[in-house]
Amino acid sequence: MRWRTETGDARMDGFVLILELIGTVAFAASGAIIAIRKQMDVFGVCVLALTTAVGGGIIRDLLLGVIPPYTFQNPIYAFTATLVAVIVFIKPVRYYLTGNHNAYQRTILAMDTIGLGIFSVVGVSNAYAAQPNAGIYLTVFVGVLSGVGGGILRDVMAGDTPYIFVKDVYACASLAGALVCALLWRVTGHATAMIIGAMVVMVIRALSVTFHWRTDRLKPFSPFDEAQDFCYTVQDKLIFPAW
């Protein structure tokens, strides 16, 4: 693993590795799906999937002084992300996602939510491992950066406004989960704190989409902005119709 945990517990290291791999698969899938929507070739799909999966971790490692970032020390994350991208690019999978709008939107939401939850708490874990006496501010900041960093890079490379600035409760969900994880870190134990923190992120994301929660945004100033706002509302209803 990137660092030994504070207790040097190999089981905890293994637990974090499993979480990281699950998060890598989820974020890589979301990046690959976005790339397919943008009609990229297989190379573009792999690059966007890889960027989404490891981008946040690279930024986090640089912030914590890990040189070179662990992604370049252990190829398992890059290999996993590339494998996921290739699977998503396979013709039957690709056609299913591009030909079924609801399946496309639900898959993006699920993968993005899982990746966000996992990497938000993994970032907290890495912050504590690098700085055992780190304060809440540092650990939560690193957690959020780890959670949203890959998605920001993905959206910028895909030519979109970063998702966290225009849609639903995204960064706020990461912030809430990272904060819960940091507060519980020395109370419930590391693994329990990470599980609870990740679940907080996922539940908030699911509820925000289901009930159309959205942080306040500037009122549209042009017909184009009004049309874009209407499209976001329609898209939300297509993903999660009222129950």
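Here the structure is a predicted model, which means the values were calculated and not measured.

K.L.:
I would appreciate a short explanation of the side chain of Thr 24 in the present structure.
P.N.:
On the secondary structure map, Thr 24 appears in helix 1 (residues 10-37). A distance of 2.7 Å separates a polar atom in the side chain of Thr 24 from the backbone oxygen of Glu 20. Leave out the neighbours within four places in its chain, and Thr 24 touches Ala 53, Tyr 77, Thr 80, Ala 81 and Phe 119.

K.L.:
Would you mind going over the pattern of salt bridges with me for this structure?
P.N.:
Between side chains of opposite charge, a pair can form as their charged atoms come close. Within the structure shown, the criterion is met by five salt bridges. One salt bridge in this structure joins Asp 112 and Arg 154, with 3.1 Å as the shortest N-O distance. In this pair, Asp 112 sits in helix 5 (residues 101-130) while Arg 154 sits in helix 6 (residues 136-157), placing the two residues 42 residues apart along the sequence. Each member of the pair Asp 112 and Arg 154 is classed as buried. Between Arg 154 and Asp 155 there is a salt bridge, with its nearest N and O atoms 3.0 Å apart. Asp 155 sits in the buried class, given a relative accessible area of 4%. Each member of the salt-bridge network shares a partner with another, and the members are Arg 37, Lys 38 and Asp 160.

K.L.:
Which parts of the structure should I look at to understand the packing of aromatic side chains?
P.N.:
How two aromatic rings sit relative to each other is given by the distance of their centres and the angle of their planes. One pass over the full model with this rule turns up four aromatic pairs. Judged by centre distance (5.1 Å) and plane angle (15 degrees), the rings of Tyr 128 and Trp 185 are stacked. Of this pair, Tyr 128 sits in helix 5 while Trp 185 is found in the loop between helix 8 (171-184) and helix 9 (190-210), placing the two residues 57 residues apart along the sequence. When the ring centre of Phe 89 is taken as origin, the NZ or CZ atom of Arg 94, which lies over that ring, is 4.5 Å away.

K.L.:
What should I look at first to understand the nonpolar core in this one?
P.N.:
Burial of nonpolar side chains together is a common tendency in soluble globular proteins. Among the nonpolar cores identified, the biggest contains 49 residues, and Val 88, Val 124, Tyr 170, Cys 181, Trp 185 and Met 194 are the most heavily contacted of them. Every element with two or more residues in this core is listed here: helix 1, helix 2 (42-63), helix 3 (76-89), helix 5, helix 6, helix 7 (163-166), helix 8 and helix 9.

K.L.:
I'm lost on the environment of Val 121 in this one. Help?
P.N.:
Of note, Val 121 is situated in helix 5. Residue classification places Val 121 among the buried residues on the basis of a relative accessible area of 1%. For Val 121 and Ala 191, which are 70 residues apart along the polypeptide, the C-alpha to C-alpha distance reads 9.9 Å. When residues no more than four places from it in sequence are discounted, the contact partners of Val 121 are Gly 177, Cys 181, Met 194, Gly 197 and Ala 198.

K.L.:
Quick question: what am I supposed to make of a nonpolar patch on the surface here?
P.N.:
On the surface, Ile 195, Met 199, Val 203, Leu 207, Phe 211 and Trp 213 cluster together into a nonpolar patch covering about 550 Å² of accessible area. Among the secondary structure elements, Phe 211 is positioned in the loop between helix 9 and helix 10 (223-239).

K.L.:
In this structure, what is going on with helix 2? I would like to understand it.
P.N.:
Given 3.6 residues to a turn, an α-helix orients residues that are three or four positions apart in the same direction. Taking 1.5 Å per residue, 22 residues should reach 32 Å; helix 2 reaches 31 Å between its end C-alpha atoms and fits that length. Taken as a whole, helix 2 carries its principal kink of about 45 degrees at Val 54. For helix 2, the side-chain oxygen to backbone nitrogen distance between the N-cap and Phe 43 is 3.2 Å, and the N-cap itself is Asp 41. Trailing helix 2 by a residue or two, Gly 65 shows a phi angle of about 85 degrees, which is positive.

Reading the values: the criteria
- Numbering of residues starts from 1 in every chain and runs along the sequence as written.
- The predicted nature of this model means local features are confined to residues of pLDDT at least 70 and side-chain atom pairs, given and counted, to a pLDDT of 80 or more, with totals for whole chains, interfaces and linings taken over all residues.
- Side-chain figures throughout are based on the complete set of non-hydrogen atoms in the structure, without hydrogens or water.
- Each helix corresponds to a stretch of at least 4 residues labelled H or I by DSSP, and each strand to a stretch of at least 2 residues labelled E; elements are numbered beginning at the N terminus.
- Any pair of N or O atoms that falls within 3.5 Å is considered a polar contact. Within protein, one atom must be able to donate a hydrogen and the other to accept it, and sequence-neighbouring residues count only if both atoms are side-chain atoms.
- Throughout, a residue-residue contact means that at least one pair of heavy atoms, one from each residue, lies within 4.5 Å.
- Here, a salt bridge means any Lys or Arg side-chain nitrogen found within 4 Å of an Asp or Glu carboxyl oxygen.
- Burial classes: relative accessible area under 20% of the type maximum marks a residue as buried, over 50% as exposed, and values in between as partly exposed (1.4 Å probe, protein chains only).
- Pairing of aromatic rings covers Phe, Tyr and the six-membered ring of Trp, with a centre-to-centre limit of 6.5 Å; geometry is then stacked below 30 degrees between planes, edge-to-face above 60, and tilted otherwise.
- We count a charge as sitting over a ring when the NZ of a lysine or the CZ of an arginine lies within 6 Å of the ring centre and within 35 degrees of the ring normal.
- Put simply, a nonpolar core is a bunch of buried Ala, Val, Leu, Ile, Met, Phe, Trp, Tyr and Cys residues held in one set by side-chain atoms that sit within 4.5 Å of each other.
- Like charges are joined within 9 Å and nonpolar side chains (Val, Leu, Ile, Met, Phe, Trp, Tyr) within 5 Å, but only among residues with over 30% relative accessible area and no salt bridge; these make up the patches.
- The Shrake-Rupley method, run with a 1.4 Å probe, gives the accessible areas here. Residue values count only the displayed protein chains as cover.
- What a helix is expected to span follows from its residue count: subtract one and scale by 1.5 Å.
- Fitting one axis to the seven residues ending at a residue and another to the seven starting there, the bend at that residue is the angle between the two axes.

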